[in-house]
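# A closer look at the structure
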Amino acid sequence: MRLNAATNGALRILMLCREDRPLTMPEMMRQLGLTEALVIKTCNELMQAGMLVGQRGRGGGYRLNRPASSIGALDIIDLFEAKQNLFPCRVGESGECRILSVCKLRRACEKAHAAFRGELETLTVADLALDADI
């Protein structure tokens, strides 16, 4: 399984952000090794989703818009990833799958996807937050 760059960036940005102090774009880029384009795109989407708030000017930057404990890891993944199983069955893409009823791979992938989501469903940004500046 592989998360796209925006999902990975969003998770890392939220791990670094706090409610009480803003984090600037250059700080995010330097501390997380992200490109300016990715930070801008990701922060805009996180602001539209109500997870971040941005302030321009001196003393500005991005900060959490709500408590870290109220932002779920799955919420972030679902925001940036396609709304589909991350382990999709590819056999039936061109039509009816002939082995669907007996396919052990499909069942294993469905179980893996459920386990992935189950592992992350109780995890919040507060659980992932970095304790120190890097």
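For the structure, see preceding data.
Residues numbered from 1 in each chain as written. Predicted model: local features only at pLDDT ≥ 70, side-chain atom pairs only at ≥ 80, totals over all residues. Heavy atoms only, no water.

### Re the overall build of the chain
- Regarding its fold elements, the chain presents six helices and two strands.
- In the chain, the succession of helices and strands from N to C terminus is α-α-α-β-β-α-α-α.
- Classification of the 134 residues of the chain by burial places 32% in the buried group.
- Put simply, 67% of the contacts in the chain that link residues at least 6 apart link residues at least 24 apart. (Helix = DSSP H or I, 4+ residues; strand = E, 2+ residues; numbered from the N terminus. Buried < 20%, exposed > 50% of the residue type's maximum accessible area, 1.4 Å probe, protein only. Contact = heavy atoms within 4.5 Å.)

### Details of the pairing of strand β2 (residues 61-64)
- Alignment of strand β1 (residues 52-55) against β2, held across four bridges, turns out to be antiparallel. Counted as the bridge partner of leucine 52 is leucine 64 from β2.
- In this structure, the hairpin formed by β1 and β2 is closed by a connection of five residues, where glycine 57 is found at a positive phi of approximately 90 degrees. (Pairing = 2+ DSSP bridges.)

### Section: the layout of surface pockets
- Of the voids in this model, the largest pocket is the one considered here, and its volume is about 210 Å³.
- Surrounding the largest pocket, Thr24, Met25, Pro26, Met47, Gly54, Gln55, Arg56, Gly60, Gly61 and Tyr62 form its lining.
- If you list the elements that add at least two residues to the lining of the largest pocket, you get α2 (25-32), β1 and β2.
- Across the lining of the largest pocket, the residue classes break down as four nonpolar, five polar and one charged. (1 Å grid on protein atoms, 1.4 Å probe; cavity = no way out; pocket = protein on both sides within 12 Å on 5 of 7 lines; lining within 4 Å. Points joined across faces, edges and corners; volume = space filled by probe spheres on them. Nonpolar A, V, L, I, M, F, W, Y, C, P; charged D, E, K, R; others polar.)

### Some points on the pattern of salt bridges
- Inspection of the entire model under this criterion finds two salt bridges.
- For lysine 41, the salt bridge is made with glutamate 45, and the minimal N-O distance between the two is 3.1 Å. Of this pair, lysine 41 and glutamate 45 both sit in helix α3 (residues 36-48), four residues apart, roughly one helical turn.
- Judged by its relative accessible area of 25%, glutamate 45 is partly exposed. (Salt bridge = Lys/Arg side-chain N within 4 Å of Asp/Glu carboxyl O.)

### What to know about the environment of glycine 118
- Of note, glycine 118 is situated in helix α5 (residues 104-120).
- Expressed as a C-alpha distance, the spacing of glycine 118 and leucine 74, which sit 44 residues apart in the sequence, is 9.4 Å.

### Section: α3
- Taking 1.5 Å of rise per residue, the 13 residues of α3 would be expected to cover 18 Å, and the 18 Å separating its terminal C-alpha atoms lies within 8% of that figure.
- Taken residue by residue, α3 has Leu38, Val39, Thr42, Cys43 and Leu46 as its buried positions. Down the axis of α3, the buried side of the element spans an arc of 115 degrees, and every buried residue falls inside it. Exposed residues pointing more than 90 degrees away from the buried face of α3 are listed as Ala37 and Gln48.
- For α3, the elements touching its buried residues are α1 (5-16), α2, β1, β2 and α4 (73-80).
- Remark: glycine 50 follows α3 within two positions and exhibits a positive phi of approximately 80 degrees. (Expected span 1.5 Å × (residues − 1). Arc of directions from axis to C-beta.)

### Points about the packing of α4 against α5
- Here α4 crosses α5 at 130 degrees, and the two axes come no closer than 8 Å. Judged on the interaxial angle alone, α5 and α4 are oblique. For the pair α4 and α5, contact is made by Ala73, Leu74, Ile77 and Asp78 and by Phe116, Arg117 and Leu120, respectively.
- Looking at the contact of α4 with α5, its residues break down into five nonpolar, no polar and two charged. (Axes fitted to C-alpha atoms, helices over the stretch in contact; angles between N-to-C directions. Parallel < 35°, antiparallel > 145°, perpendicular 65-115°, else oblique.)

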